[in-house]
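Geometric and topological summary
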Amino acid sequence: MTVRIAIAQCAPAIGAFKRNMDLHLDRIESAKRERADLVVFPELSLTGYYVKDLAGDLACSADDPRLEPLVAASRDIDVMAGFIERSADARLHIASGYWHQGRLVHVHRKVYLPTYGIFDDGRYFGAGERFETFESAAGRAGIAICEDLWHVSVPYLYAAGGATIVFSPSASPGRGVAEGGDLGTAASCRLMDRFYAQYLTVYVVFANRVGHEDGIGFWGGSEVVAPDGTVVARAGEFEEQLLVADVDPALVARERARNPLLRDEREDLVLRTLSARLGLGSAPDRPAGRTD
Amino acid sequence: MNERAIRPDPRDPSPLRIDEALVRKMLVGFLRDETAKAGMRRVVLGVSGGVDSAVVAALAVEAFGAGSVLALFTPYRTSSRDSRTDARAVAERFGFALEDVPITAQVDAYFAEAGGDVADRVRVGNKAARERKSIEYDRSWPDGLVLGTSNKTELLLGYGTQFGDMACALNPVGDLYKTQLRELAGHLDVPRRIIEKPPTADLWVDQTDEGELGFTYADADLALYHMVDRRLRPDELVAAGFDADLVQRLRERMRRNHYKRVMPLIAKVSLRTIGHDFLYPRDWEED
């Protein structure tokens, strides 16, 4: 049985939370008309990306009443959306929440905060510290927000944690316009999506935004890549779109039977090697069997 | 993706080549989005007859339609006749109205009152550039934005007048070297004569950019590309065969003129200071 995923490739406005919420409700309605099971929004879709000192004004706790419209909308369709989370101890995080049947069932806080080049996440936000999988409409899932996906360990940890689908809500600025090819960033992202999908045998859902913020253009190009490396669907560049793709969880099983890389993966060796390198003493020997 | 390794080679200009269609799409989108975010509906720019303003005008017409583009030709008495002919050709090619606003009377009146014939040509040139910009800003009131036409080469070298031609609300071409801008001009169908004529600020008779700078855009752009975009150090460029004197001059111009590329300095005395630790996006939008 296939699961229909909609990606809302949209252009949130910086600092305009209510307008952005209206944008979400509109796209959620469109996704419902497309009979999608899940709609995925880009990174910081409720606030805009380069918020700078607005971060504190826009932040919500996970149970903030301002998120109530999403809670209500998620009774009909699962929703993944981006917001600034204020933690109980008043840290600000770039977060993506997953709402299911009127409940916020999972929050991922961006771990890798790019603070170089055109990025300044680390100045305004605290880093997340966990990579947890959760049950999504399309199977066991992990969320890697934009830069998280650029770190090889992140999709690896999700796959090791049982994920069969990795969602990457992003705010990727387009740059690199050399002749004879794709936008530089687009080429890099597509390479990542396909590589992770095929070699971790997972679905990769890349949900990028469009629009401009202070002269920087986000390029879009959202896509869904299957565990056999095929691109199930891909959105256009630099324009708003509701991209709809059907994913087949059974394909994950078929690909893993054909290509059992994960089954044979030596997580214990990874752990022991890293433990030794970090001087943490010896890690446990290979466990007798997995408990999950 | 361009799979070819990019090596610094003074004989290989190919790293400067751009995907013109992609750049065009990005710049038209930039103009539309950023103008709408500012709550404005039209744009104003000076069209000089040169390739930079021709490209910006073409992009603006594509973004907003010719009816929303106010183009001003602002000659001084020393301006070349060819400039007017070429500015007209650009207006005709892209279908927008070009308005003549001569600036001789006010510039000459100022120097007659304040400086007389001691005024040197650099002062007159700077004054003319600022006079033009003050007219563009005046004509942008109340619902237009002023577009800039300074390219990346000029901005890096500081080859422009601060608060004159460098001033604007939006600059769609400031991240394109002159060489790249000429390539884009061809794609946009800017008249060939304008792409090929020697670039000039036309601030005095027979001025040319390359004559005044002392090197060609082709040489400067390639060295700047490797130095700025690819982050090569000057000694690495020289080792790769770039002219040591050129590299040194480019580097020094970049350093000396950096003040032109940043906002004025504000002395910090309080707990929170504009520009230092009061940092908001310019595109901060209303809820």
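Just so you know, these numbers come straight off a predicted model, no measurement behind them.

**Observations regarding unusual backbone geometry**
- Following Trp141(B), the chain continues to Pro142(B) via a peptide bond in cis, the omega torsion being 0°.
- Mapped onto the fold, Pro142(B) is located in the loop between α5 (121-140) and β4 (144-146).
- Located in the positive-phi region is Leu44(A), a residue other than glycine, with phi close to 50°.
- Inspection of the secondary structure puts Leu44(A) in the loop between β2 (38-40) and α2 (55-58).
- Overall, the presence of 30 C-beta atoms within 10 Å leaves Leu44(A) in the buried class.
- Even without a glycine there, the phi angle at Asp202(B) is positive, about 50°.
- Summarising the element assignment, Asp202(B) is placed in the loop between α8 (192-196) and α9 (209-213).

**Thoughts on the interface of chain B and chain A**
- On the chain A side, the residues contacting the 23 residues of chain B number 29 residues.
- Classifying every residue of the side of chain B that touches chain A by side-chain character gives 11 nonpolar, 2 polar and 10 charged.

**A word on the environment of Gly95(B)**
Residues and elements named next belong to chain B.
- Structurally, Gly95 can be placed in the loop between α3 (81-94) and β3 (98-100).
- A sequence separation of 30 residues divides Gly95 from Gly65, and the C-alpha atoms of the two residues are 9.2 Å apart.
- Among residues more than four places away in sequence, those in contact with Gly95 are Val61 and Ala66.

**Quick notes on helix α7 (residues 184-200) of chain A**
Residue and element names in this part refer to chain A.
- With 17 residues, α7 extends 24 Å from end C-alpha to end C-alpha; this agrees with the ideal 24 Å at 1.5 Å per step.
- When we look at burial in α7, the residues that qualify are Ala186, Cys189, Asp193, Tyr196, Ala197 and Leu200. End-on view of α7: buried residues confined to an arc of 120°, all on one side of the axis.
- Buried-residue contacts for α7 involve α6 (153-160), β8 (165-170), β9 (203-208) and β12 (223-225).
- Phi turns positive one or two residues past the end of α7, at Thr201, with a value near 45°.

**Here we look at the sheet that holds strand β13 (residues 231-234) of chain A**
Residues and elements named next belong to chain A.
- Within the open sheet, the 6 strands sit side by side as β6-β7-β8-β9-β12-β13. Their pairing is mixed. The two strands at the open ends of the sheet, each matched to only one other strand, are β6 (134-136) and β13. Taking the axes of each pair of neighbouring strands and ignoring which way they run, one obtains an average angle of 25° across the sheet.

Conventions used here
Residues numbered from 1 in each chain as written. Chains lettered and ligands numbered in written order. Predicted model: local features only at pLDDT ≥ 70, side-chain atom pairs only at ≥ 80, totals over all residues. Helix = DSSP H or I, 4+ residues; strand = E, 2+ residues; numbered from the N terminus. Buried ≥ 20, exposed ≤ 12 C-beta atoms within 10 Å, placed from the backbone. Contact = placed C-beta atoms within 7 Å. Nonpolar A, V, L, I, M, F, W, Y, C, P; charged D, E, K, R; others polar. Expected span 1.5 Å × (residues − 1). Arc of directions from axis to C-beta. Pairing = 2+ DSSP bridges. Axes fitted to C-alpha atoms, helices over the stretch in contact; angles between N-to-C directions.

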